[in-house]
Amino acid sequence: MLPTDQTMSKQKLERLLREEFLPLTDQLFRFACSLVNNDEQTAEDLVQETWTKVIRSYESYQEGTNAKAWLFTILRNLFINQYRRKKRRGYEVELSDITVSENVDLSKPNDKTLHVDMDDDFFNRTFGDEITVAFESLSAEYQQIIALADLQEFKYDEIAEMLDLPIGTVRSRLFRARNALKKALKDYGDKHGYRDNR
């Protein structure tokens, strides 16, 4: 009895996952962390959504091509779509992250003593050291290009393919992004005795 198309398709997916996709899980997670400012829970969710998308669309993957670039492109596109949705909705805060001072009379709408605090964990997730703050001060396109080139060590042609840009644009954008990061870190470097030897 010949295998059905469905059986062959399932075998192809299992082989791709085992041989090409799953070995890249750690790198995928690190890339997700770089996109979401090291919020590990959000990064895990993003990677999980990426695997769901991979399983749904693995037929579009051309075997023998760059699996890493294909996966990172899916993750990046999911991140961009989430970012756009959040931007339309506005910033959301969990109610459990907010405490209201006991001296507030909530029945008085104009009570000037209203004081809202975010818990420490919220601040730890939002603000990091000087390097993280400097990185976060960059535009999204600069953060993305630095994450791909310097943190994930993709080659220019791979980045060009993922971002659908000419290689020259990738090089110039990366040059500008690195300079912007260098400028943002200048005070930190001066304070800690680092010098620019270029």
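Small disclaimer: the values here were computed from a predicted structure and weren't measured.

Draft legend 1. Broad picture of the overall build of the chain. Each helix and strand counted, the chain has 10 helices and two strands in total. Mapped in sequence order, the helices and strands of the chain form the string α-α-α-α-β-β-α-α-α-α-α-α. Of all 198 residues assigned to the chain, the portion counted as buried reaches 33%. Summed over all atoms, the accessible surface of the chain reaches about 13800 Å², with 51% contributed by carbon and sulfur.

Draft legend 2. Looking closely at helix α2 (residues 25–35). Turning to α2, its buried residues are L28, F31, A32, C33, S34 and L35. Where α2 terminates, the next one or two residues include N37, which has phi positive at roughly 55°.

Draft legend 3. Local environment of unusual backbone geometry. Non-glycine residue D164 carries a positive phi angle of around 55°. Its location among the elements puts D164 in the loop between α8 (156–163) and α9 (167–184). In this structure D164 comes out as exposed when scored by relative accessible area, which is 69%.

Draft legend 4. A look at the pattern of salt bridges. Considering all chains together, one arrives at five salt bridges under this definition. Measuring nitrogen to oxygen at the nearest pair gives 4.0 Å for the salt bridge that ties R18 to E19. Here D150 and R178 are joined by a salt bridge, their closest N and O atoms 2.5 Å apart. With D150 in helix α7 (residues 140–151) and R178 in helix α9, the pair connects residues that are 28 residues apart, well separated along the chain.

Draft legend 5. Focus on the packing of aromatic side chains. Across all of its chains, the model carries five aromatic pairs by this definition. An angle of 20° between the planes, with centres 5.4 Å apart, marks the rings of F21 and W70 as stacked. Residue F21 is found in helix α1 (residues 5–21), and its partner W70 is found in helix α4 (residues 67–89); the two are separated by 49 residues along the sequence. On the basis of relative accessibility, which here comes to 0%, the residue F21 falls in the buried class. You can call W70 buried: its relative accessible area is 18%. On the basis of an interplanar angle of 50° and a centroid distance of 5.1 Å, the ring pair of Y61 and W70 is categorised as tilted.

Conventions and cut-offs
- Residues numbered from 1 in each chain as written.
- Predicted model: local features only at pLDDT ≥ 70, side-chain atom pairs only at ≥ 80, totals over all residues.
- Heavy atoms only, no water.
- Helix = DSSP H or I, 4+ residues; strand = E, 2+ residues; numbered from the N terminus.
- Buried < 20%, exposed > 50% of the residue type's maximum accessible area, 1.4 Å probe, protein only.
- Areas by Shrake-Rupley, 256 points an atom, 1.4 Å probe, with all protein chains shown as cover.
- Salt bridge = Lys/Arg side-chain N within 4 Å of Asp/Glu carboxyl O.
- Phe/Tyr/Trp six-rings, centres within 6.5 Å; stacked < 30°, edge-to-face > 60°.

The values reported here are purely geometric and, on their own, carry no functional implication.
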